[in-house]
Amino acid sequence: MPKLNKNTTTTRKGKINLSKSSLILSENNDKKPPMFSFHQIGKRYCLSSCQSGEKIDLIDTLHKLSQLTWQELINSNRHGLGTEKIAHSAIKGSSVPDFIIDQNITLIAFRFSGKKPMVGYRENQIFHILWLDRDFSLYDHGS
């Protein structure tokens, strides 16, 4: 088996695991701005499904979010620049990746282009975007 450094993401039998460094919680990450990854974005709720204006709004939102720390975002209003936790069981428009369920990773939504959610998970400073819910069909938005 190849030698892995401490920041390598490991995969086994088609499953993705968080990197070993992400398993160590660091208070300092709350004091840092988020970084964003589209590496694991789903096919149905991807960037190519968005209209040009939504793509511009998304970039604008990512820029605004990156100007604040994680702590500031956590303390913000959920329909503004803040976050909202989404239960695994609430996701209906797509299947939740196995590693999210297996490791009980919290799903988080940020808003872009009005109140359209981008849903993903946090790994230290990185927010991994899994879905861009431009048509509000990924989960029940009633509450």
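The preceding data block contains the structure.
Sorry, what's going on with the environment of Ser94 here?
By the element assignment, Ser94 lies in the loop between strand E4 (84-86) and helix H3 (98-102). The spacing of Ser94 and Ser137 is 43 residues in sequence and 9.3 Å in space, taken between C-alpha atoms. Excluding residues that lie within four positions of it along the chain, Ser94 makes contacts with Tyr45, Trp131 and Leu138. A polar contact is formed between the side chain of Ser94 and the side chain of Trp131, at a distance of 3.1 Å.

Help me out: how do you make sense of the pattern of salt bridges in this one?
Scanning the model with the defined rule gives 5 salt bridges in all. For Lys116, the salt bridge identified is with Glu54, shortest N-O distance 2.5 Å. Linking Lys116 in strand E6 (residues 116-123) with Glu54 in helix H1 (residues 52-65), this pair joins segments that are 62 residues apart in sequence. Glu54 shares its class with Lys116; the two are buried. With a closest N to O distance of 2.7 Å, Arg134 and Glu54 form a salt bridge. Within this pair, whereas Arg134 is found in the segment after strand E7 (126-132), its partner Glu54 is found in helix H1, the two being separated by 80 residues in sequence. Take Arg134: its relative accessible area is 24%, and that puts it in the partly exposed class. On the accessibility criterion, Glu54 (4% relative accessible area) is buried. Among the ionic contacts, a cluster of salt bridges with common partners joins Glu54, Lys116 and Arg134.

Before we go on, may I ask you to explain H1 in this structure?
Along an α-helix, residues three or four apart share an orientation, since each turn contains 3.6 residues. With 14 residues, H1 extends 20 Å between its outermost C-alpha atoms, agreeing within 8% with the 20 Å of an ideal straight helix rising 1.5 Å per residue. When we look at burial in H1, the residues that qualify are Glu54, Leu58, Thr61, Leu62 and Leu65. Taken down its axis, H1 places every buried residue within 100° of arc, on the same side. The exposed set on the far side of H1, more than 90 degrees from its buried face, consists of Ser52, Ile56 and Ile59. Its buried side turned inward, H1 meets strand E3 (35-37), helix H2 (70-74), strand E5 (107-112), E6 and E7.

Would you explain the pairing of E6 in this entry?
The two faces of a sheet get side chains in turn, since along a regular strand they alternate between them. In terms of residue burial, E6 counts as a mostly covered element, since 7 of its 8 residues are buried. Where E5 and E6 come together, 6 bridges link them in antiparallel fashion. When the bridges of E6 are listed, Arg111 appears paired with Pro117. Here E5 hands over to E6 after 3 residues, with Ser113 in that stretch at a positive phi of 45°. One ladder, built from 6 bridges, connects E6 with E7; its direction is antiparallel. Looking across to E7, one finds that Arg122 is bridged to Phe127. Counted between consecutive antiparallel strands, the loop separating E6 from E7 contains 2 residues, among which Asn124 sits at a positive phi close to 55°.

What counts, and where the lines are drawn
Residues numbered from 1 in each chain as written. Predicted model: local features only at pLDDT ≥ 70, side-chain atom pairs only at ≥ 80, totals over all residues. Heavy atoms only, no water. Helix = DSSP H or I, 4+ residues; strand = E, 2+ residues; numbered from the N terminus. Contact = heavy atoms within 4.5 Å. Polar contact = N/O pair within 3.5 Å; in protein donor to acceptor, adjacent residues only side chain to side chain. Salt bridge = Lys/Arg side-chain N within 4 Å of Asp/Glu carboxyl O. Buried < 20%, exposed > 50% of the residue type's maximum accessible area, 1.4 Å probe, protein only. Expected span 1.5 Å × (residues − 1). Arc of directions from axis to C-beta. Pairing = 2+ DSSP bridges.

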